[in-house]
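The chain contents come next:
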Amino acid sequence: MRKLILRISVSMDGFIESSNEKLDFAKSRSPEGAAWVAEKIGQAGAHLMGRKAFCEMAPFWPTASGVLAKPMNEIPKIVFSKKGFDPAQASSAKSWAEAKVIIGDLAEGITALKKQAGKDLVAHGGVEFAQNLVQTGLIDEFWLATHPVAAGNGFRLFEKLSKPLYLKLIDTKVFSTGTMAHVYQPEKL
């Protein structure tokens, strides 16, 4: 069974997005942090994302350079959309235009993907998609990059939980900019 991994950036005060303005997590990214992310996502069997995040990423990555460009462009994409859409409208780049689109219940779609043979699935979240993934209870690992910025208000990754989610710290890395990567797995209670 494949693991579902959520990779997301978070502020020091726990927000994944500010309600006032878009958080610029790139200000505290470092070359060694990018290399760590590239190594981790380079092992994925597919990138999962919601339609909004896909439409934001699809025009950027095909012309991007750096260590993240290759795994972001070469690994297949799977997009979750409530109403469906044509990925080719967001990008003409082959690996992005040929993304698989899954319409319907998120938990059912994730469960079916996890049952397939292959490498692990790495989800890249926009606010709504990430929060909805957390609510499914199907995430096997969280890769949280905590950046040295305080948002003050906004949207939290875990704000829609109906009960506490206990996590076990598996790994941590500190980068030169002060950003910290934490790898957690949900505890089996």
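Here's what I pulled together on the structure shown here. (Residues numbered from 1 in each chain as written. Predicted model: local features only at pLDDT ≥ 70, side-chain atom pairs only at ≥ 80, totals over all residues. Heavy atoms only, no water.)

This paragraph deals with the pairing of strand β10 (residues 180-186). Sheet analysis places strand β7 (residues 141-147) next to β10, joined by five bridges and oriented antiparallel. When the bridges of β10 are listed, W143 appears paired with V183. As paired elements, strand β9 (residues 167-174) and β10 share seven bridges and run antiparallel to each other. Bridge pairing in β10 places T172 opposite H182. The hairpin formed by β9 and β10 contains five residues between the paired strands, and G178 there has a positive phi angle of roughly 95 degrees. (Pairing = 2+ DSSP bridges. Helix = DSSP H or I, 4+ residues; strand = E, 2+ residues; numbered from the N terminus.)

Looking now at the pattern of salt bridges. For the coordinates displayed, the defined rule picks out five salt bridges. Note that E141 is salt-bridged to K3, the shortest N-O span being 3.0 Å. Taken together, the residues E141 in strand β7 and K3 in the segment before β1 (4-11) connect sequence positions 138 residues apart. A salt bridge links K114 to D140; its shortest N-O distance comes to 2.8 Å. Residue K114 is located in helix α5 (residues 106-115), and its partner D140 is located in the loop between α6 (127-136) and β7; the two are separated by 26 residues in the primary sequence. Via salt bridges that share partners, K52, K82 and E128 belong to a single interconnected network. (Salt bridge = Lys/Arg side-chain N within 4 Å of Asp/Glu carboxyl O.)

Orientation of α5 relative to α6, taken along the N-to-C sense of each, is 70 degrees, at an axis distance of 10 Å. The angle between α5 and α6 falls in the class roughly perpendicular. Taking contact as the criterion, the partners of L106, A107 and I110 in α5 are, on α6, F129, N132, L133 and T136. Counted by class, the contact of α5 with α6 contains five nonpolar, two polar and no charged residues. (Axes fitted to C-alpha atoms, helices over the stretch in contact; angles between N-to-C directions. Parallel < 35°, antiparallel > 145°, perpendicular 65-115°, else oblique. Contact = heavy atoms within 4.5 Å. Nonpolar A, V, L, I, M, F, W, Y, C, P; charged D, E, K, R; others polar.)

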